[in-house]
Amino acid sequence: MISKSTIENVFETARVEEVIGDFVQLKRSGSNLKGLSPFVDEKSPSFMVSPVKQIWKDFSSGKGGNVVTFLMEHEHFTYPEAIKFLAKKYNIEVEETVQTNEDLAVANEKESMYLVSEFANKFLNHTLLETDEGKAIGLTYFKERGFTLETIKKFSLGYSPNSWDAFTKEALGKGYKLEFLEKTGLTIVKEDKQFDRFKGRVMFPIQSMSGRVLGFGGRILTNDKKAAKYVNSPESEIYHKSKVLYGIYHAKQAIAKQDNCYLVEGYTDVIQFNQAGIENVVASSGTALTPDQIRLISRLTKNITVLFDGDAAGLRASIRGIDLILEAGVNVRVCAFPDGEDPDSFAKKTPYDKLVLFLEENAKDFIQFKASLLMKEAKNDPIKKADLIRDMVISISKIPDRIKREVYLQECSRIMDISEEVLFNTLAQLDKKELTETNKKFKEEQKAFQVHKNENAASNAKIDIQNELERKIIEMLLLYGDSIEDFEDVMIKTNEEGDFIEVKETNPYKVYQRIYLSLQEDEIELANPIFQAIYTNLINYYHQNESFEMEKYIMQLDNEIAQEVTSILMNEEREVLHNWESQQIIVKQKDKTIAQYVTETILTLRWYWVNKIIEELKTEMSTQNRDDNSETLSMVMDYLGLTNMFSKKLGRVMSRYS
């Protein structure tokens, strides 16, 4: 178990904007930072980070929390793993107490697979660097590829012994279960026999954005025609090849800083570029580019430069991924290397300055590149040229931004020597077809939504008011609970004539005390169960601690409550879809004091509660005989007097009760 002092040190040191900035491209938005959600596919940023409050909120998925909860949500870390990750990032020594057998048993299946993969990575790297076989075969191969020892260590390259079960035996001997060796694909199990999947191969660990080992790629070094040149880990709970990019862990900061990502095909392309000094490069690892992989890059930058091998077959095969990139709203440029060259070979023999210059001078806009490539095939054949033009317009139609579409159509018209009118008509036909299909789908969805909306509109209208008021109460406790303010106590009494009067006096209170006393006086719990749980938790926390520290408070909350707390704290960034003032919900103005804000919100909540009681009494009266109504009517009149006092205090005249 990690010691309490280590956890506190991590929370005091780690900066949420720095950590999340490694995974999401953030831009300044007032006092906050914003970016695209890393949890859902979206075109407009709804992911907010507050450096002041040290929290984040994703309004698309509803997730939120502190720096640790982000790592738990995004990287699927356990709590201890997230703490250790941050400790490593900020060079904090981790103090641990001895884990019991019960603690070890808590680790779930996915975590066990991560542990097995990490062990395999260390074993394979050690075999490469420290054993005779590894040095003679694996290390020699990597050095022949031009990789330095520093590069080999940086990418944690390895070697799997040319033995049927060398790794499996070692792992089982260290206490790792065969079940998880098989589930990660490191070991192949056939009846009562076990075999190493990557026997006799040089190894490339595939890491997540945070550096966790998800799987491996292994290259054979013999000329065995029956064996595949490259073998990857099979799909598993932790490894989904369509959602992973090789090199993303080492490239993420450079991608965000350079605001561009170079996309290559293979492991060695990535490694050679890194060694040459260009780090903002990732590979699709031999698989066809997928929307998930593009989405991963788009969290860091909106600019991708695709680097193709010089051979025509490779260009034709890879160019299909361009449409997917365009469809994702990402800008794409293309750079091809001379015939016979690939990113690996070219970077190996080209000095850094010349390599950078080559990329800058030869990276073309996708429309220019596609035209020049396909025109070679079309030559003077008018039918092929027509097909080429249609192919280019289809690519342009994928672009979400209409202004960019028009610019690209104009460029296409210039390059292909064809009128803009023809191109726009072709695009319009494509758009019309897509619009028809989209409209049909929208109408079907809208029908279902309308039925649901009609069924729930009335109840939602009533619930929203109270929910927002209760949310404001929690927000005030979180933001101002520990501050001392002068509050005006208003006692409602009756004079000799039986009229209600106000008796005022000013007293200092801590905000949480004032709220607690006010709600105790009404003896009514918050209707929203999560708000009530947060309210109880907060009041207890304030009573038990001398000061309120937001990070420490959020740290001790369970996930559901932590997410709701974060949502409330980021409430000011939420798009307000209702006119709250028209619904008697107080929205704090900048010129109001905290005491005034608290007082008015509590009065509004009281006003709402009293009106609910009045409505219930009226319903009760409608079911009674007229002779039995006198006592209930008297209660209604008393409550109406209270609402009038509240309304007067709030500067309102409630016409429905006048």
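Look up a bit, the structure's there.
The structure contained in this document is the topic of the report that follows.

Definitions and cut-offs
Residues numbered from 1 in each chain as written. Predicted model: local features only at pLDDT ≥ 70, side-chain atom pairs only at ≥ 80, totals over all residues. Heavy atoms only, no water. Helix = DSSP H or I, 4+ residues; strand = E, 2+ residues; numbered from the N terminus. Contact = heavy atoms within 4.5 Å. Salt bridge = Lys/Arg side-chain N within 4 Å of Asp/Glu carboxyl O. Polar contact = N/O pair within 3.5 Å; in protein donor to acceptor, adjacent residues only side chain to side chain. Pairing = 2+ DSSP bridges. Axes fitted to C-alpha atoms, helices over the stretch in contact; angles between N-to-C directions. Parallel < 35°, antiparallel > 145°, perpendicular 65-115°, else oblique. Nonpolar A, V, L, I, M, F, W, Y, C, P; charged D, E, K, R; others polar. Buried < 20%, exposed > 50% of the residue type's maximum accessible area, 1.4 Å probe, protein only.

**Overview of the side chain of E111**
Now for step 1: Here E111 is to be found in helix α6 (residues 109–130).
Now for step 2: When residues no more than four places from it in sequence are discounted, the contact partners of E111 are T78, E81 and R212.

**Remarks on the pattern of salt bridges**
Now for step 1: Applying the stated criterion across every chain, the model contains 15 salt bridges.
Now for step 2: Members of the salt-bridge network, linked through shared partners, are E81, E111 and R212.

**As for the side chain of N280**
Now for step 1: Residue position: N280 is located in the loop between α12 (267–276) and β13 (281–283).
Now for step 2: A distance of 3.0 Å separates the side chain of N280 from the backbone oxygen of N260, its partner in a polar contact.
Now for step 3: Leaving out residues up to four positions away in the same chain, N280 has contacts with A251, A254, I255, Q258, N260, C261 and Y262.

**Observations regarding the sheet that holds strand β14 (residues 303–308)**
Now for step 1: Sheet architecture is open: five strands sit in the order β13-β12-β14-β15-β16, paired in mixed fashion. Looking at the sheet topology across the chains shown, the edges are occupied by β13 and β16 (364–365).

**As for the packing of helix α23 (residues 529–544) against helix α25 (residues 559–569)**
When two helices pack together, their arrangement is given by the angle between the helix axes and by the axis-to-axis distance.
Now for step 1: Look at α23 against α25: their axes get within 10 Å of each other, and the N-to-C directions meet at 90°. If you check the angle between α23 and α25, you find them roughly perpendicular. Taking contact as the criterion, the partners of I530, F531, A533 and I534 in α23 are, on α25, E560, I561, E564, V565 and I568.
Now for step 2: When grouped by side-chain class, the residues that make up the contact of α23 with α25 number seven nonpolar, no polar and two charged.

**Quick look at the environment of E361**
Now for step 1: By secondary structure assignment, the location of E361 is in helix α17 (residues 352–362).
Now for step 2: Of the residues examined, E361 reaches a relative accessible area of 60% and is grouped as exposed.
Now for step 3: Through-space distance from the C-alpha of E361 to that of C335 is 9.0 Å; in sequence the pair is 26 residues apart.

**Section: the sheet that holds strand β4 (residues 55–58)**
Now for step 1: Read across the sheet, five strands follow the order β1-β2-β3-β4-β5 without closing on themselves; strand pairing throughout is antiparallel. Looking at strand neighbours, the two that pair on one side only are β1 (27–29) and β5 (64–65), the edges of this open sheet.
Now for step 2: Sheet topology note: the strand β2 (residues 32–35)/strand β3 (residues 47–50) ladder contains three bridges and is antiparallel. Across the sheet, L33 pairs through a bridge with V49, a residue of β3.
Now for step 3: Each of β3, β4 and β5 touches helix α3 (residues 67–74); the most contacted strand, β4, lies at about 40° to it.
Now for step 4: Seen against the sheet, α25 touches β4 and β5 and runs at an angle of roughly 90° to β4.

**Some points on the pairing of β4**
Now for step 1: The side-chain alternation of β4 yields two buried faces, one formed by I55 and K57 and the other by W56 and D58.
Now for step 2: Pairing analysis gives four bridges linking β3 to β4, with the strands arranged antiparallel. Counterpart to F47 in the pairing with β4 is D58.
Now for step 3: Where β4 and β5 come together, two bridges link them in antiparallel fashion. Across the sheet, the residue bridging to K57 is G64, located in β5.
Now for step 4: Once β4 ends, the chain turns through five residues before running back antiparallel as β5, passing G62 with a positive phi of about 85°.

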